[in-house]
Amino acid sequence: MIIAASVLYFNEQKYDEVLKLIEKYKNIETHQQDIENGKIVITIEAENNKEIEDIEKDFTQHEFIIDLAHFAFHFGEEVDKVLSGGSVPDFDITKPFTRKRLQ
Amino acid sequence: MDISRRNLIKTSLAASAAAAAGITFGCKKKEPVQEPAAQQPQADTQNNNTVTVDKWVKGVCRMCGTGCSIYVGVKDGKMVAIKGNVDSKTNTRGTLCIKGMNIWKVAYHPDRLTTPLIRKNGKLEPASWEEALTLIETKFKEYHKKYGYDSVAYYGSGQCTTEESYTFNKIWKGGFGSNMMDGNPRLCMASAVAGYLSSLGSDEPAGAYEDIEKAKCIFLTGSNTSEAHPILFRRIARYKKDNPDVKIIVCEPRKTQTSLIADLWMPSLPGTDLAIFNGMAREIIKNNWHDKEFIAKHARFTSGDGSQASTFDEYIKFIDKYTPEYVEKVTGCPAAAVKQAAEWFAKSGATMSLWCMGLNQRSNGVWANNLIHNLHVITGNFGKPGADSFSLTGQPNACGGVRETGSLSHLLPGCKPVAVEPWRKHVESYWKVAEHSINPAKAINPKPGFPAVKLFASLGGENEQDKPVKAIIISTTNPAQTLPNLNKFIPNIKNAFTVVIDIFPTRTAQLASVVLPAAFLYEKGGVYGCSERRSFLTEKAVEAPEGTKPDLWIACQIAKRMGLEKYIAWSNEEDIVKMAEMAWNDYIGCTANSEKTLAGATYKRLRESTTGVQWPCPSEDHPGTYKRYVRGMDPIFDNPEKYGLKIPADADMYFYGRPDGKINVFMRDAEPKASEKISKEYPFLMTTGRVIEQWHTGTMTMRIPETASAHPNSFIEIHKNDAKKLGLSQGDMVKVESARGMNILPVKIVNMTLEGVCFVPMHDQKGNRMVNFICNDVVDATSGEPDYKVSAVKITKVSGPEKVDDRYVVTKAELDNPTFS
């Protein structure tokens, strides 16, 4: 599990649309907001960075989203998995790549 | 992870993000989350937060040349988080990109090398550090004796720390009395160095990134900024969005993502853009848009190599042939675009040019750099906010570690040529070369060593009489993949006694005699200096994996074994952090009297600073320098004699690197004479470059699943009309062949390039997809930088689509079996 903290910059006239967009994702929480200046802090819980990227792509295709700027990532759980020697399929690049885990 | 802990982490990280974004008032959440008082944004910005981490350790991202400032979160001795630095002057607001956020996957990757390897009977076998270092010592001493001190070389990297590069430089140039050391910035930055030196008289930009937000016109040329420097591109894009009147001009052969924010895209056939720059200059002068006062005060017109003074009138005559129509004919750039670009460049009030490998990696790369500087001189776009001629670096420490420490074959610390006697004598004296050198000459050799391409051409086995370099240490770089015309150089690397220092198996490690497993940046710490003259300390965050060692420790062991124990005073230090501090102090003392002085950037200051320090910084109470060459901003003006310079007392702006204080305006012919031309046999021009998710040879990024999956293999982009002519469909496999080598690649049909121009990225390690088998090893005559951007190729269909998205990397198991097919 990775946790990303990001700042969503948006057209301040379109706040309701932004909330609707965010609500599509169960793994996104909103935190501090500056609606007047079109800024919301969100956190994203994701299996991996690809999932975060996909959200970013989805967000930024909307005209009212100016930018999704990532600021912080917590990946301690993933590091523990690697260091414990358990199977971490993402690292096994010798095997054919599967997008299953990333979608 | 239990929910309450997860919520605490989220709250804590969100507070940091809020502080970064300048949101300081109450929150409004989708779901209620417990928010302890200690986690309020104001309290959390950069402080330790034991809920999330035990400590946040300051550092720099090492995945491109921007120099983004980060904090690494450490808990129980492990990297568990990463966040941007709110105070950062590079990645403003602490924003990170996809490569930066995945650094931890590199650090903890199971492919990390953790044991020294020695080749025995053709196989790389595990060895102890003692055994490996003893072998290196024996071979180096043997070769020094048998073949002379220049027979043992060092090849470094813009990813080594400044302390590491400086130490190797000191060992080689002073300790061994040999200039046979170079670095991979020769392959990317050397033309920019020579461009600054020949035009302005001193390397590196006059301005800084903050000029971006002060510019009225931004001229991006030879740079796919959106993919090669994504965080800087974000800065530019945001600035443009907030200031739609600011003009963005993009000049390059492909209409990349960078062009999306452009007001004007200027296409140009690879290698021809010098005609565009001369054409813009002609248009500017013809329309009387030039800055007469600036020219009178600060320009020196010159023909030929710069030694011959000329006149403005001669310059006008020289560029007269570059009419917009002529430029269109030779470059493919519409005449109207040349006119428009000239007008915006000259009349904006403050124009900033940014360029990268598209100009540097050329047979006429230095001249291309000179012509950009020309445009800035004739329009007066120097020395004022938002106006600068700014070369972007491709690596995080190419500027600080290699250019500034002089770790190239022709330079000394302070980026001054070895041939310049007064500075050479100063360095000899500072290093006490006469006392310590193991070379009987007891002096620094005034003759430059070999630049990279010549160095690797001269490398070979003991039985090869025509190859005078017999041994080489290669650190943190992968020349068996990055050199052009690889077929020529791979046997040389294999035949010589080659020592590779790296964290992962690479193409070069496959050819090595000895492989030394290295520590990663965050496991050792050190200073990186980015494109804008800013040095920033990464502090050691976690312990290195057992069996690995920092490069600085390795350098010190070699120094000790070669009899340089007293010369490298930090070689007996046990603690790597103290070692680095001693090396840094030695370096800033050595260069204190140069215009690149970082004398005020003590380790203590760098530890405490959250922004780093920009040189010149002559004293601890000096804030560092945003803009060079301007009185009141550049501290060199306060005491020029100290730096061996003369600046007239009444000069407000003075380019003190040049004897007359004026910038050379060169008359450079645009014809790329040494570049390869298309022919009947090879009818396409191929150019190379980066894609956003991958960096360099993919050694790290191809091991990060997300980045690897985005570009799991190389490909060739060709224009849809060319594809039609060749009967190609999307994904077809083609043979791409030059006079030197070939690749088998899938086709990506596009309409964002010019007809006749194709593009292949450089990151793929698979033998028959390594584009440098195709590239030309012709170099710029001045800088020695290869022409990666212009190769004549033919393209023939091999088959329909095939599955090639294998995310290939060299594995440990393949170290003994290098197959380049």
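## Thoughts on the overall build of chain A
- Each helix and strand in chain A was counted, giving 3 helices and 4 strands.
- The order of α-helices and β-strands along chain A, N terminus first, is β-α-β-β-α-β-α.
- In chain A, which comprises 103 residues, the proportion classed as buried is 59%.
- Of all intrachain contacts in chain A linking residues separated by at least 6 positions in sequence, the fraction that spans at least 24 positions is 67%.
- Here chain A has roughly 4600 Å² of accessible surface; of this, 48% comes from carbon and sulfur atoms.

## Things to note about the interface of chain A and chain B
- With 50 residues of chain A at the contact, the number on the chain B side is 62 residues.
- Our count for the chain A to chain B interface comes out at 7 salt bridges.
- Across the pair Arg234(B) and Glu56(A) runs a salt bridge whose closest N-O atoms are separated by 4.0 Å.
- Between chain A and chain B we count 14 residue pairs in polar contact (both at pLDDT 80 or more) in total.
- Ranked by residues supplied to the side of chain A that touches chain B, first place goes to strand E4 (residues 65-74) of chain A with 9 residues.
- Of the residues contributing to the side of chain A that touches chain B, the split by class is 24 nonpolar, 11 polar and 15 charged.
- Of the pairings in the sheet, the one linking E4(A) to strand E3 (residues 78-84) of chain B comprises 3 bridges and is antiparallel in character. Following the sheet pairing, Ala72(A) is matched in E3(B) by Lys83(B).

## Regarding the nonpolar core
- Of all hydrophobic cores here, the largest spans 118 residues; its most connected members are Phe59(A), Met79(B), Phe140(B) and Trp172(B).
- Tallying contributions element by element places helix H24 (residues 576-590) of chain B first for this core, with 8 residues.
- Three or more residues apiece are contributed to this core by two domains, here domain 1 (118-188 + 397-471 + 481-572) and domain 3 (684-814) of chain B.
- With sequence-adjacent residues up to four places away left out, Phe59(A) is seen in contact with Leu8(A), Leu21(A), Ile22(A), Tyr25(A), Ile28(A), Ile42(A), Ile65(A) and Leu68(A).
- The next biggest cluster of nonpolar side chains, apart from the first, holds 59 residues, and it includes Tyr196(B), Phe294(B), Leu371(B) and Ile663(B).

## Things to note about the layout of surface pockets
- Size it by volume and the largest pocket reaches roughly 1500 Å³.
- Along its surface, the largest pocket is lined by 45 residues, and Glu56(A), Thr60(A), Phe233(B), Gln257(B) and Ile692(B) are the ones closest to its centre.
- By residue number, the principal contributor to the lining of the largest pocket is helix H9 (residues 230-242) of chain B, which donates 7 residues.
- Its residues placed into classes, the lining of the largest pocket shows 19 nonpolar, 10 polar and 16 charged.
- Around the second largest pocket, the lining comprises 35 residues; the ones closest to its centre are Leu197(B), Gly201(B), Ser202(B), Pro417(B) and Gly657(B).
- For the lining of the second largest pocket, the elements supplying multiple residues, two or more each, are helix H7 (190-199), helix H16 (365-378) and strand E16 (416-417) of chain B.
- Among the elements that take part in the lining of the second largest pocket, H7(B) stands out by supplying 5 residues, more than any other.
- Here the residues of the lining of the second largest pocket sort into 16 nonpolar, 10 polar and 9 charged.

## Topic: the sheet that holds strand E21 (residues 534-538) of chain B
Residue and element names in this part refer to chain B.
- Pairing is antiparallel across the open sheet formed by 3 strands, whose spatial order is E20-E21-E22. Two strands lie at the open edges of the sheet, namely strand E20 (526-529) and strand E22 (613-614), each paired on one side alone.
- The pairing of E21 with E22 spans 2 bridges and is classified as antiparallel. Pairing of Arg534 across the sheet is with Gln614, part of E22.

## Some words on the environment of Ala336(B)
- With respect to the helices and strands, the residue Ala336(B) is situated in helix H14 (residues 335-347).
- It is 64 Å that separates the C-alpha atoms of Ala336(B) and Trp129(B), two residues lying 207 residues apart in sequence.

## Some details on helix H18 (residues 421-431) of chain B
All names here are of chain B.
- Of the residues making up H18, those classed as buried are Trp423, Arg424, Val427, Glu428 and Trp431. Buried residues of H18 fall within an arc of 140° about the axis and therefore sit on the same side. In H18, those exposed residues whose orientation departs by more than 90 degrees from the buried face are Pro422 and Ser429.
- Contacts from the buried residues of H18 go to helix H6 (162-175), strand E15 (411-412), E16, helix H19 (433-436) and H24.

## Description of the domain arrangement of chain B
Residues and elements named next belong to chain B.
- We note that the domain assignment places domain 1 (118-188 + 397-471 + 481-572), domain 2 (190-396 + 660-666) and domain 3 (684-814) within chain B.
- Facing 20 residues of domain 1, the contacting portion of domain 2 comprises 21 residues.
- In this assembly, domain 1 packs against domain 2 so that about 1800 Å² is buried in total across both faces, 48% of it on carbon and sulfur atoms.
- For domain 1, the biggest contributors to the area lost against domain 2 are Cys188, Arg403 and Ser531; these three give 39% of the whole.
- At the boundary of domain 1 with domain 2, the tally comes to 1 salt bridge.
- Linking Arg403 and Asp203 is a salt bridge whose minimum nitrogen-to-oxygen distance equals 2.7 Å.
- Secondary structure elements with two or more residues in the side of domain 1 that touches domain 2: helix H17 (398-403) and E20.
- Examining the composition of the side of domain 1 that touches domain 2, we find that 3 residues originate from one element, H17, more than from any other.
- Of the residues contributing to the side of domain 1 that touches domain 2, the split by class is 8 nonpolar, 7 polar and 5 charged.

## Describing the sheet that holds strand E12 (residues 308-309) of chain B
All names here are of chain B.
- If you walk across this open sheet you meet the 3 strands as E12-E11-E23, and the pairing is mixed. A strand with exactly one partner marks an edge of an open sheet, and here the two such strands are E12 and strand E23 (663-666).
- Summarising the sheet, strand E11 (residues 299-303) and E12 pair through 2 bridges and their orientation is antiparallel. Paired with Thr302 across the strands is Ala309, a residue of E12.
- Contacts from H16 reach E11 and E23, with the element oriented near 115° to E23.

## Notes on empty space enclosed by the protein
Residues and elements named next belong to chain B.
- Following the criterion strictly, the structure yields 6 cavities of 30 Å³ or more and no others.
- Considering only enclosed or pocket space, the second largest cavity measures out at about 80 Å³ in volume.
- Considering the residues around the second largest cavity, the lining is formed by Cys61, Met63, Cys64, Thr66, Gly67, Cys68, Ile70, Leu96, Cys97, Gly100 and Ile231.
- Among the residues forming the lining of the second largest cavity, the class breakdown is 8 nonpolar, 3 polar and no charged.

## Some thoughts on the packing of H6(B) against helix H23 (residues 551-561) of chain B
Residue and element names in this part refer to chain B.
- In contact at an axis separation of 9 Å, H6 and H23 are set at 15° when each is read in the N-to-C sense. Classified by the interaxial angle, the pair formed by H6 and H23 is roughly parallel. The crossing of H6 and H23 is left-handed. Across the interface between the two elements, Glu163, Glu164, Thr167, Phe168 and Ile171 from H6 touch Asp551, Leu552, Ala555 and Ala559 from H23.
- In terms of residue class, the contact of H6 with H23 is built from 5 nonpolar, 1 polar and 3 charged.

About the criteria used
Residues take numbers from 1 onward in each chain, read along the sequence in its written order. Chains and ligands are labelled by the order in which they are written, letters from A for the one and numbers from 1 for the other. Local features in this predicted model are restricted to residues of pLDDT 70 or higher, and side-chain atom pairs are both shown and tallied only at a pLDDT of 80 or more, whereas totals for entire chains, interfaces and linings draw on every residue. With hydrogens and water stripped out, all remaining heavy atoms of the structure feed into the side-chain values. Strands here mean DSSP runs of E at least two residues long; helices mean DSSP runs of H or I at least four residues long; both are numbered from the N terminus. Classification of residues uses two cut-offs on accessible area relative to the type maximum, computed with a 1.4 Å probe and protein chains only: under 20% is buried, over 50% is exposed, and between them is partly exposed. Residue contacts are counted whenever heavy atoms from the two residues lie within 4.5 Å of one another. Reported accessibility uses the Shrake-Rupley method at a 1.4 Å probe radius. Residues are deemed covered only where the shown protein chains occlude them. The term salt bridge refers to a pairing of a side-chain nitrogen on Lys or Arg with a carboxyl oxygen on Asp or Glu at a separation within 4 Å. What qualifies as a polar contact is a pair of N or O atoms within 3.5 Å, subject to a donor-acceptor requirement within protein and to the restriction that residues adjacent in sequence count only when both atoms come from side chains. Residue type decides the class: Asp, Glu, Lys and Arg count as charged, Ala, Val, Leu, Ile, Met, Phe, Trp, Tyr, Cys and Pro as nonpolar, and the leftover types, Gly among them, as polar. Strands are treated as partners if at least two bridges between them are detected by DSSP. Only buried residues count toward a nonpolar core, which is a set of Ala, Val, Leu, Ile, Met, Phe, Trp, Tyr and Cys residues joined through side-chain atoms within 4.5 Å. Segment limits for the domains were obtained from an automatic or database-derived domain assignment. The pocket and cavity definitions rest on a 1 Å grid over protein atoms only: a 1.4 Å probe that fits but cannot leave marks a cavity, an open set with protein on both sides within 12 Å along at least five of seven lines marks a pocket, and residues lining either have an atom within 4 Å of a point. Grid points are joined across faces, edges and corners, and a volume is the space filled by probe spheres set on the points. What the arc covers is the set of directions going from the helix axis to the C-beta atoms. By buried area we mean how much accessible surface two parts lose on assembly, using a 1.4 Å probe and totalling the loss over both. Angles shown run from 0 to 180 degrees and are taken between the N-to-C directions of axes, each axis being a line fitted to C-alpha atoms and, for helices, limited to the stretch in contact. Just so you know how the angles are binned, under 35 degrees is roughly parallel, over 145 roughly antiparallel, 65 to 115 roughly perpendicular, and the rest oblique. By the definition used in this description, the sense in which the near helix is turned from the far one sets the handedness, with an anticlockwise turn below a right angle giving left-handed and a clockwise turn giving right-handed.

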